[in-house]
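Now for the letters of each chain:
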Amino acid sequence: MSTPHKTHNAGFLALVHDAKTRVKQMTVDDYKRNASADHILVDVREDSEWNAGHASGAVHLGRGIIERDIESQIPDKEKTLVLYCGGGFRSALAADNLQKMGYTNVSSMDGGWRGWTEKGYPTER
């Protein structure tokens, strides 16, 4: 199930643009080409989006709770984390916050779930 592309408000886009100046970005293809076994793929979308389908092997820490729960779920602040959302905006915001919390190897997947499904990469429910 694909979410239609939304027009985002200017204030939100400015916030995302600012976060992206500090967060490592990768495309879906970059991720697939370079994905090592020693990383965690984190879906930061809403529960309803996760339940509708997600990237195979991903863990779910939604944007609303990731900052609260990340340290108990993934205490190793040097672990490689690749975050994704619907298109790459919420994941950039979450990655920026995780870096502020001391996580040193965080990336945001530009294109997110939409890019993942368009490429036909494996999904699960």
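One can find the structure itself at the top, above this paragraph.
Just so it is clear, the structure is predicted and the values come from calculations on it, not from any experiment.

## What to know about the sheet that holds strand β1 (residues 24-27)
Then, in step 1: Read across the sheet, five strands follow the order β1-β6-β5-β2-β4 without closing on themselves; strand pairing throughout is parallel. Each end of this open sheet is capped by a strand with a single partner; those strands are β1 and β4 (59-60).
Then, in step 2: One ladder, built from two bridges, connects strand β2 (residues 39-43) with β4; its direction is parallel. Bridging from a neighbouring strand, Asp43 pairs with His60 of β4.

## Some remarks on the pattern of salt bridges
Two side chains of opposite charge can pair, provided their charged atoms sit close to one another.
Then, in step 1: In total, this model carries 12 salt bridges according to the counting rule given.
Then, in step 2: Note that Arg33 and Asp30 form a salt bridge whose closest N and O atoms lie 2.7 Å from each other. In this pair, Arg33 and Asp30 are both assigned in helix α2 (residues 28-34), three residues apart and thus about one turn of the helix distant.
Then, in step 3: Here Asp38 makes a salt bridge to Lys79, at a shortest N to O gap of 2.6 Å. Residue Asp38 is found in the loop between α2 and β2, and its partner Lys79 is found in the loop between α4 (66-73) and β5 (80-84); the two are separated by 41 residues along the sequence.
Then, in step 4: With relative accessibility at 52%, the residue Asp38 sits in the exposed group.
Then, in step 5: Salt bridges sharing partners connect three or more residues here, namely Asp18, Arg22, Asp96 and Lys100.

## As for helix α5 (residues 89-100)
Then, in step 1: Spanning 12 residues, α5 covers 17 Å between terminal C-alpha atoms, matching the ideal 16 Å at 1.5 Å per step.
Then, in step 2: For α5, the complete set of buried residues consists of Ser91, Ala92, Leu93, Ala94, Ala95, Asp96 and Leu98.
Then, in step 3: For α5, the secondary structure elements touched by its buried residues are α1 (10-20), β1, α4, β5 and β6 (106-110).

## Regarding the pairing of β2
Then, in step 1: For β2, the buried fraction is high: five of the five residues fall into the buried class.
Then, in step 2: A two-sided burial pattern is seen for β2, the buried positions comprising His39, Leu41 and Asp43 on one face and Ile40 and Val42 on the other.

## Details of the side chain of Arg45
Then, in step 1: Here Arg45 lies in the loop between β2 and α3 (47-52).
Then, in step 2: Within the structure, the side chain of Arg45 is placed 3.4 Å from the backbone oxygen of Glu49, a separation counted as a polar contact.
Then, in step 3: Each residue touching Arg45, except ones within four places of it in the same chain, is listed here: Trp50, Gly53, His54, His60, Gly62, Arg63, Tyr84, Cys85, Gly86, Arg90 and Trp113.

## So, the packing of α1 against α5
In helix packing, the relevant descriptors are the interaxial angle and the interaxial distance, both defined with respect to the helix axes.
Then, in step 1: At a minimum axis distance of 9 Å, the contact between α1 and α5 shows a crossing angle of 55°. As far as their axial angle goes, α5 and α1 are oblique. Of the two elements, α1 crosses α5, and the hand of that crossing is left-handed. Within the contact between the two elements, α1 uses Phe12, Leu13, Leu15, Val16, Ala19 and Lys20 and α5 uses Phe89, Ala92, Leu93 and Asp96.
Then, in step 2: Class assignment for the residues of the contact of α1 with α5 results in eight nonpolar, no polar and two charged.

What counts, and where the lines are drawn
- Residues numbered from 1 in each chain as written.
- Predicted model: local features only at pLDDT ≥ 70, side-chain atom pairs only at ≥ 80, totals over all residues.
- Heavy atoms only, no water.
- Pairing = 2+ DSSP bridges.
- Helix = DSSP H or I, 4+ residues; strand = E, 2+ residues; numbered from the N terminus.
- Salt bridge = Lys/Arg side-chain N within 4 Å of Asp/Glu carboxyl O.
- Buried < 20%, exposed > 50% of the residue type's maximum accessible area, 1.4 Å probe, protein only.
- Expected span 1.5 Å × (residues − 1).
- Contact = heavy atoms within 4.5 Å.
- Polar contact = N/O pair within 3.5 Å; in protein donor to acceptor, adjacent residues only side chain to side chain.
- Axes fitted to C-alpha atoms, helices over the stretch in contact; angles between N-to-C directions.
- Parallel < 35°, antiparallel > 145°, perpendicular 65-115°, else oblique.
- Left-handed = near helix turned anticlockwise from the far one by under 90°.
- Nonpolar A, V, L, I, M, F, W, Y, C, P; charged D, E, K, R; others polar.

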